[in-house]
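# Summary of the model geometry
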There are 2 protein chains.
Amino acid sequence: MSERGSYSQKEPYRGLLHPSDKTIVFAVIDGLGGIPHPDYDNFTELEYAQTPDLDRLATESTNGTHIPISPGITPGSIPAHLSVFGYDPYEYLVGRGVVEALGLGVDLQEGDIAIRCNWCTLDDDGRMVDRRAGRPTSEESAQYVTRLQTEINIPGVDVALYPGSEHRFVAVLRGDGLGASVSETDPQAIGVPLIQPAGSDETSAKTAHVLQEIMRQTFPSIAGDPRLNAFAMRGYSTVPNIPSFNDRYGLSAQAVVTHPAYRGIGRLLGMDIAQVNGKSAKDVIAALAQNWGEHQFHYLHFKWPDTYGENKDFEAKSEELELVSNALAGIQDLNPDVIIVTGDHATPARLGTHSWHPVPTMLWTREGTHFRDDVHQFGERATRTGYLGHKIAATNIMPEVLAHAGMLDKFGA
Amino acid sequence: MSERGSYSQKEPYRGLLHPSDKTIVFAVIDGLGGIPHPDYDNFTELEYAQTPDLDRLATESTNGTHIPISPGITPGSIPAHLSVFGYDPYEYLVGRGVVEALGLGVDLQEGDIAIRCNWCTLDDDGRMVDRRAGRPTSEESAQYVTRLQTEINIPGVDVALYPGSEHRFVAVLRGDGLGASVSETDPQAIGVPLIQPAGSDETSAKTAHVLQEIMRQTFPSIAGDPRLNAFAMRGYSTVPNIPSFNDRYGLSAQAVVTHPAYRGIGRLLGMDIAQVNGKSAKDVIAALAQNWGEHQFHYLHFKWPDTYGENKDFEAKSEELELVSNALAGIQDLNPDVIIVTGDHATPARLGTHSWHPVPTMLWTREGTHFRDDVHQFGERATRTGYLGHKIAATNIMPEVLAHAGMLDKFGA
């Protein structure tokens, strides 16, 4: 059996996938999971919300909860997304600089060093006064970035700067033999100077030297400004070698998302990026409808529940979940074969941060190949009694999706 | 990003821990788990017991059950303890001799061979009559051990004997190049002679020779005794290299336990050993209260439920669980940040041995970062419906504890 060598416990679909024209909607509600809040009758945000459309879909689905990374581990957005998309987050470690750059539409190449930069304000003695330089507007920030760019000239290394939102921008270094193990210049504290970049190996020492040179060439041009008179650098990273969605699953995929970082995640996995006008849940669904038919796999991302969770705003998160529920009401009308609604991780308003808690998840198929259970509410307590299972590993979701899409051959004779 | 290389799937908290002053009470009820007993309305010992204080704590906690090693595997005390403390029991194999020696307070060094010895009675033909030599008192046994010690003189190898309880004692060999792969001399059967020690490699052959020499030098001095006229040796083992609790978790830890073997487990993990006066559940809690404030992590051990389970005494185990419940009543008054109540393994009175069955577990936090569920009773059936999950891996408990203590940074950007 020639295919035997291609079986893999780690990637259990490998060697079993066959081509298919099935369509899949994979909705990621950012920060979906919560924990009971004493001020709201010990409901979670999702349980407190009135979500008749999600509840109806849960009634028709198989339900469960997932653990993004492993028990007790609080994930960042990137590893959490990789997990729900079936990529081992320990195998594919992605630096923040890369994600920021991808989110801004930068076409990164192998070997590039991507760096998160942020404007800051130093006092006359070079000590940090404001790590966000008084939060300049994106337009103001972009003007300053353009000015910096003209000052930089480093033989043998292309340095490209890309304006981001507010105080943020990205630098990409392109040249031979640049390493990424460099100390961050951002001291992450007030009253102290920027840290001088230093590399921990030969190629990283070269990068550190480039960074020192960038600072030497550009800082004089902004030194007199009362607010944007310096910038800090961190999150140095190179593009990881991640197989695309198409290579891994044989699925043409698009990302229907509203925020740069999630466009970046889509690009990282080789997804096309749909045009979305606006940033609301409704805008995501409108863009999906408009871009329906070109792809098999549709990654939808709903950002705001996470934002409100981080703001400790239980009611705003809850209301946003109602809007997401409402926006997803007509999702079955597009006639997809499989629908998944889940989150990348929990962001309980009670904690105001990402957390390690389980994330409600439901899976529905048009052909009814899923085990419809007795869950009638899309909430933490209800879904965990469902047939999909409680605290399943997030990396197991994609194999379930592929199976329910009828895309997997039998393992073994 | 310097921290990237330090992430570890196997030890998921690695690279994420930050210092903390949180306090944790980790109560291990030995042999806690049970199975339904037909003579007691198909209740388990824990379900049959009246445990209002444990039930109240369960009501305020997140509940579940754990599997100590893996499904179907019955653990010994040591691997079961290592698991609940987050150490992979397959990675850290600990010989019984080492645990016995540590339990007796022996300060073992690297390379030492620790051996479990027990008095036995041989007949005139050297055949085993009683593997416990009629169960001598600890005092009587100690006198004989002292007599043996004076007979031993082996050039290049220090042989130290340590009296234990009743028929048990420990031998520790200290010398260069001693291996531990030696056949046990205890035939574990009646009517047959002791087995001659033999080593399976060069260093173990040297050890076997030392053991033969010990028997040759000492047996004549006791040959005439009607009961304690020989001893058997087994459990040869060297000190494993186990990272201490402090190194692994950054937690200063103490063991509040009543029996030697569990002091040994505490020492193995680098815990301080609290003075406990008495052996009851109440004595453990009294010692905890007296030693509160010096450590962050408090390992409590309640021995008797396991003992009564092994005696097949359903009612005694059940009553002992009531005493443990009662002793734990005021545990929250000490103001710990996190409380775990669990067992190392099940010891169903119906079976009279350790078993592979799931072990009830609850986790409570002062700040309410846990998912309080709808479990109102601390019992096998009730806890398995809780939000912590049914049959979670015991090694996942510590990551949950660290997360709930707020000691773990986010994984990835």
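Counting restarts for each chain, with residues numbered from 1 along the sequence as it is written. Here the convention is simple: chains get letters from A, ligands get numbers from 1, in the order in which they are written. It should be noted that, the model being predicted, local features are given only for residues of pLDDT at least 70 and side-chain atom pairs only at 80 or more, the latter also being counted only at that level, while totals for whole chains, interfaces and linings use all residues. Hydrogens and water molecules were not included; the side-chain quantities draw on all heavy atoms of the structure.

## A word on the interface of chain A and chain B
Counting residues at the interface gives 38 residues for chain A, matched by 31 residues for chain B. The quantity reported as buried area is the accessible area (1.4 Å probe) lost by two parts once they are put together, taken as the sum for both. Across the chain A to chain B interface the summed buried area is about 2800 Å²; carbon plus sulfur atoms make up 59%. Summed over the three residues of chain A that lose the most area to chain B, namely Y90, L93 and W356 of chain A, the buried surface amounts to 21% of that side. Any Lys or Arg side-chain nitrogen located within 4 Å of an Asp or Glu carboxyl oxygen qualifies as a salt bridge. Scanning the region where chain A abuts chain B turns up 1 salt bridge. Salt-bridge contacts for E400 of chain B lead to K391 of chain A; the nearest nitrogen and oxygen are separated by 2.9 Å. By the criterion applied in these results, polar contacts are pairs of N or O atoms within 3.5 Å in which, for protein atoms, one can donate a hydrogen and the other can accept it, and in which residues neighboring in sequence qualify only through two side-chain atoms. Counting every contact that joins chain A to chain B gives 9 residue pairs in polar contact (both at pLDDT 80 or more). Elements are defined by DSSP. Helices are runs of H or I of four residues or more, strands are runs of E of two residues or more, and each kind is numbered from the N terminus. Broken down by secondary-structure element, the contributors of at least two residues to the side of chain A that touches chain B are α3 (77–84), β7 (230–237), α12 (380–383) and β13 (389–393) of chain A. Every residue pair with non-hydrogen atoms within 4.5 Å of one another is taken to be in contact.

## Observations regarding the nonpolar core
Grouped together as the largest cluster of nonpolar side chains are 57 residues, with contacts concentrated most on F26, F85, F245 and F297 of chain B. Aside from chain neighbours lying at most four places away, what touches F85 of chain B is F26, V28, F245, Y249, L269, M271, F297, Y299 and M398 of chain B. With 47 residues, the next largest nonpolar core counts I242, L251, Y262 and L268 of chain A among its residues. Only buried residues count toward a nonpolar core, which is a set of Ala, Val, Leu, Ile, Met, Phe, Trp, Tyr and Cys residues joined through side-chain atoms within 4.5 Å. Relative accessibility under 20% of the residue-type maximum defines a buried residue, over 50% an exposed one, and the middle range a partly exposed one, all with a 1.4 Å probe and only protein chains included.

## What about the confidence of the model for chain A?
pLDDT expresses, on a scale from 0 to 100, how confident the predictor is about each individual residue. In this model, chain A carries an average pLDDT of 94, and 99% of its residues clear a pLDDT of 70 or more. Confidence metrics for the complex model read pTM 0.87 and ipTM 0.85.

## Comments concerning the side chain of E11 of chain B
Locating E11 of chain B in the fold gives a position in the segment before β1 (24–29). Not counting residues within four places of it along the chain, the set of residues in contact with E11 of chain B comprises Y92 and R248 of chain B.

## Details of helix α4 (residues 96–103) of chain B
All names here are of chain B. The buried fraction of α4 amounts to 7 of the 8 residues, a majority that puts the element mostly inside the structure. Here α4 has its buried residues at G97, V98, V99, E100, A101, L102 and G103. Buried positions along α4 lie against α3 (77–84), β3 (113–122), β6 (168–174), β7 (230–237) and α8 (260–268). Among the residues trailing α4, G105 stands out with phi positive, at a value near 90°.

## Describing the sheet that holds strand β13 (residues 389–393) of chain B
All names here are of chain B. Strand order in the open sheet formed by 8 strands is β9-β8-β10-β1-β11-β12-β2-β13, and the pairing between neighbours is mixed. Of all strands in the sheet, those with a lone pairing partner are β9 (272–273) and β13, marking the two edges. Pairing of strand β11 (residues 338–342) with strand β12 (residues 359–365), which is carried by 4 bridges, proceeds in the antiparallel orientation. Each residue of the ladder has a partner; that of I340, found in β12, is L363. Orientation is described by axes fitted as lines to C-alpha atoms, over the contacting stretch for helices, and by angles from 0 to 180 degrees between their N-to-C directions. This element, helix α13 (residues 397–404), spans β1, β2 (62–67), β10 (297–302), β11, β12 and β13 of the sheet and lies at about 10° to β12. Any two strands with at least two DSSP-identified bridges between them are counted as paired.

## Digging into the relation of the copies chain A and chain B
Copy-to-copy superposition: least squares on the C-alpha atoms, limited to residues that have pLDDT of at least 70 in both copies. Expressed as a screw transformation, the operator carrying chain A onto chain B has a rotation angle of 124° and an axial translation of 0.2 Å, and the superposed copies differ by an RMSD of 0.4 Å. This pairing of chains is accounted for by a three-fold axis.

## Let's talk about the packing of aromatic side chains
Note on aromatic contacts: the rings of Phe and Tyr and the six-membered ring of Trp form a pair at centre separations within 6.5 Å, being stacked when their planes are under 30 degrees apart, edge-to-face when over 60 apart, and tilted otherwise. If you walk through the whole model with that rule in mind, you get 43 aromatic pairs over all chains. The interplanar angle of 80° and the centroid separation of 4.9 Å between the aromatic rings of F85 of chain A and Y299 of chain A together place this pair among those described as edge-to-face. Here F85 of chain A is found in the loop between α3 and α4 (96–103), whereas its partner Y299 of chain A is found in strand β10 (residues 297–302), with 214 residues between them in sequence. Given the relative accessible area of 0%, Y299 of chain A is considered buried. Measuring from centroid to centroid gives 6.3 Å for Y87 of chain B and F245 of chain B, while their planes differ by 35°, and the two rings are tilted. Here Y87 of chain B, found in the loop between α3 and α4, pairs with F245 of chain B, found in helix α7 (residues 245–249); they are 158 residues apart in sequence, far enough to count as distant. One exposure class covers both Y87 of chain B and F245 of chain B, and it is buried. Following the ring pairs from residue to residue traces out a cluster consisting of Y13, F26, F85, Y87, Y92, F245, Y249, F297 and Y299 of chain A. Here, over-ring charges are defined by two tests on the NZ atom of lysine or the CZ atom of arginine: distance to the ring centre within 6 Å, and angle to the ring normal within 35 degrees. The ring of Y144 of chain B carries R147 of chain B above its face, with NZ or CZ at 4.7 Å from the centroid. The cationic tip of R248 of chain B hangs over the ring face of Y87 of chain B; the distance from NZ or CZ to the ring centre is 4.2 Å.

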